[in-house]
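# Overview (structure and organization)
Read off the chains here:
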Amino acid sequence: MKGVILKRCKDDHTYTREVFCYNYFRQCGVWTSPRAGYTRLLIDIVEEDGSVEKVDFGVYEMIENIDKQFLKARTAAEKGGDFNGNKGNLWKCTRKTGNGPDFTTGYSENDFGVEDIKLDPSKTSYEYSYDLKTNKDKLSNAKSEITDFITELNQLNDSDPEAIKTWYESKMDMDLFIKTYAINVILGMWDDYWCNSNNFYFYFDKDGKAYFIPYDYDNALGTNMWFVAATRDPLNWGKLDDGSKPLIQKMFKVPEYVNLYKKYLLQYSGSESGFDFAKASKTLTGYQNLIQNYIAADKYSRCKLSWNDTTPKFVDEAAYWSDPKGSDLLFSGDEEANYFKARQKTINEYVSYDSE
């Protein structure tokens, strides 16, 4: 890796949610997920008089940056995935303009571009819902590629599932995409494409296939807004019939894809999976044992971070702003309060699939 993302455990007093999510994707074979772990962040601050103040910022998440090196590491040549190469067009898709990266044809020209952030507040910064991260000197070509994809997607006839399937099979690795999204819904990531037109990367490989890359999982495992994620129907995670999220909604017109989605929901939330409470709590406890001696650091005195955001001790709770409350604990064995137990129960209540 040429770079990493350092991210403080903002709002997660267990210090575990996002690292668990990324690693669970990878445990389940979603090779497009970033690697994630922890680091202790120590910074030497040199004052004007030449003196050095050593500041301990405590534990940060260390997440693999999604860039050309990320893509290269996931090529068949590197044995890290199925990408044909790292020369394709990579888009960071976050809600910055308009309706966000919803993949409808209601986009505007201002939704596509190359991010330009100015540290000087007197200068104008530019952000885009579809932010090109590679081949930045060829924005026009990259934009044509993604808008052609969006146009073709929206032109698919909902009453012709075979034509929809043929198109998807030619454009995406559908097994990987469906598995990724099933796990996304198991993990309760509501600030996502299907619900909120937000937080993913989309890569157009040179072999013609497009790939959905999961990203930004601090709002998961019970930290939520709008609804209680643990008890949300996984078959109606977001809207299904209004045309607002065509990448998912068109997929759901294909019975074979719906059945595969159901299969993965059950498989990756089941009693034999790493999501089961006994296994998940063991994983989370292992994370906490690794970092417990380093989370109470000097950072509060120097940077004045709010203890509402980052605590110097572990507390089993969701973010203070998470609402509605319910089923948001990770370590409690209570059937209703524990996210893993409540989510597993909900999926079993809503989902069955044809195993033939």
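The structure this text deals with has already been given above.
For the structure given in this document, a descriptive report is provided here. Fair warning: this is a prediction, and the values are worked out from it, not measured in the lab.

### A closer look at the pattern of salt bridges
- In this structure the tally under the stated criterion is 21 salt bridges.
- Residue D218 pairs with K7 through a salt bridge whose shortest N-O separation is 3.4 Å. Residue D218 is located in the loop between β8 (210–214) and α7 (246–249), and its partner K7 is located in strand β1 (residues 4–8); the two are separated by 211 residues in the primary sequence.
- Judged by its relative accessible area of 27%, D218 is partly exposed.
- Here E64 makes a salt bridge to R35, at a shortest N to O gap of 3.1 Å. Pair noted here: E64 is in strand β3 (residues 52–64) and R35 is in the loop between α1 (17–27) and β2 (36–46), with a separation of 29 residues, a long-range link.
- According to the relative accessible area criterion, E64 is buried, its value standing at 3%.
- Salt bridges here are not isolated pairs; linked through shared partners, they connect K7, E18, D216 and D218.

### A closer look at the packing of aromatic side chains
- In total, this model carries 40 aromatic pairs according to the counting rule given.
- Centre to centre, the rings of F149 and F204 are 5.6 Å apart; their planes meet at 80 degrees, and the pair counts as edge-to-face. Placement of F149 in helix α3 (residues 139–155) and of F204 in strand β7 (residues 200–204) is noted, with a sequence separation of 55 residues between them.
- Taking the relative accessible area as the measure of exposure, F204 reaches 6% and is therefore buried.
- One cation-aromatic arrangement involves R232 over F227; the distance from NZ or CZ to the ring centre is 4.2 Å.

### Quick notes on helix α4 (residues 161–171)
- Restricting attention to buried positions, one finds in α4 the residues I164, K165, W167 and Y168. All buried residues of α4 fall inside an arc of 165 degrees around its axis, so they share one side. Exposed side chains of α4 directed beyond 90 degrees from the buried face belong to E162 and T166.
- Residues of α4 that are buried sit in contact with α3, α5 (174–186), α7 and α8 (255–267).

Calculation criteria
- Residues numbered from 1 in each chain as written.
- Predicted model: local features only at pLDDT ≥ 70, side-chain atom pairs only at ≥ 80, totals over all residues.
- Heavy atoms only, no water.
- Salt bridge = Lys/Arg side-chain N within 4 Å of Asp/Glu carboxyl O.
- Helix = DSSP H or I, 4+ residues; strand = E, 2+ residues; numbered from the N terminus.
- Buried < 20%, exposed > 50% of the residue type's maximum accessible area, 1.4 Å probe, protein only.
- Phe/Tyr/Trp six-rings, centres within 6.5 Å; stacked < 30°, edge-to-face > 60°.
- Lys NZ or Arg CZ within 6 Å of the ring centre and 35° of its normal.
- Arc of directions from axis to C-beta.
- Contact = heavy atoms within 4.5 Å.

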